[in-house]
Each structure stands twice: as C-alpha cells, then as structure tokens.
Amino acid sequence: MKISKFLSLSFFITGFCLLYVYQQTEIFRLAYIGQNKQAFFSELLDKNNILRYNIKKNTSLTYIGSKFSGTGDYEIPNNFYLVKVAPPKKNTVFAVASRSGQTMLSRIFAIKRQAEAKTINP
C-alpha cells in the first residue's frame, strides 16, 4: 500500500470520527439547553398558579368583607357555587310522589329519598 493512500485513508477516517464526536456533543448540548428551558417553563407555570391563587384569594368576598367591615363578627363562607335546580317532569313515574314523600320506585326498592344538586362552574 502506498503511503499517500494510507495517509488519505487515515485522514478520511479521522475526519469522520471527529464529525461523529462533534455530532454527539451537539446532541448532548441541545438536550441540556432543552432541559433548562423546560425547568424554566415549569417554574413560570408554578409562579402563574401561585399568582392566580393569590388573586382569587384577595378578590374573594370573605377577604373583601373582612377588610371592609374591620370586625371579626362578619363572616362569609369560602366557597360559593351556583346551583341550578330543574323542576321535575310531570309525566315521569319517578317524579310522581305519594303523600308520604316517597316515589313509586323508592317504595319498590326501599331507597330513601335524597336531594342532589349539580354545580355549574363558570
């Protein structure tokens, strides 16, 4: 084998190896940058949640009422929910109640009557 052929082959293999190592280091560098950005965005999201909680807390009727009245005897519940109660349909068997306050289905299966409400969250 001639020396010029050997040198050109060794330069080609060395160049290829250097490019491969450079590619691998770039992959790790970009992954590190991406990981730092992800941590930064996660921290911003946590701060956003904390600020939203503080705004909700400071604009609540309980907080405003305590600042407005200045006394400790005024109290409003912390949670407020809008509840929509639909009137029962007159043609259904389940809505027809007897004098004792039980429906026909509850008398058959001996289920106690209970009220249920669904909340409407804006």
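Quick caveat, the model's predicted, so the values are computed rather than measured. (Residues numbered from 1 in each chain as written. Predicted model: local features only at pLDDT ≥ 70, side-chain atom pairs only at ≥ 80, totals over all residues. Heavy atoms only, no water.)

### Thoughts on the overall build of the chain
From N to C terminus, the chain includes three helices and two strands. Counting from the amino terminus, helix and strand elements in the chain follow one another as α-α-β-α-β. (Helix = DSSP H or I, 4+ residues; strand = E, 2+ residues; numbered from the N terminus.)

### Points about the pattern of salt bridges
Here the idea is simple: oppositely charged side chains can pair when their charged atoms come close. Following the criterion strictly, the structure yields two salt bridges and no others. Arg29 is paired through a salt bridge with Glu26; the nearest N and O atoms lie 2.8 Å apart. Of this pair, Arg29 and Glu26 both sit in helix H1 (residues 3-58), three residues apart, which is roughly one turn of that helix. (Salt bridge = Lys/Arg side-chain N within 4 Å of Asp/Glu carboxyl O.)

### Some words on the packing of aromatic side chains
If you walk through the whole model with that rule in mind, you get one aromatic pair. Ring geometry for Phe40 against Phe41: centres 6.1 Å apart, planes inclined by 50°, an arrangement best described as tilted. Looking at Phe40, the relative accessible area reads 47%, which means it is partly exposed. (Phe/Tyr/Trp six-rings, centres within 6.5 Å; stacked < 30°, edge-to-face > 60°. Buried < 20%, exposed > 50% of the residue type's maximum accessible area, 1.4 Å probe, protein only.)

### So, a nonpolar patch on the surface
Taken together, the side chains of Met1, Ile3, Phe6, Leu7, Leu9, Phe11, Phe12 and Ile13 present a nonpolar region at the surface, about 960 Å² in accessible area. For Ile13, the location among the structural elements is in helix H1. The class of Ile13 is partly exposed, set by a relative accessible area of 44%. (Patch = residues over 30% accessible without salt bridge, like charges linked within 9 Å, V, L, I, M, F, W, Y side chains within 5 Å. Areas by Shrake-Rupley, 256 points an atom, 1.4 Å probe, with all protein chains shown as cover.)

### Description of the confidence of the model for the chain
Here the chain averages 76 in pLDDT, and 53% of its residues register 70 or above. Looking over the chain, one finds the lowest element-wise mean pLDDT in strand S1 (residues 82-84), namely 60, and the highest in H1, namely 93. (pLDDT = per-residue confidence, 0-100.)

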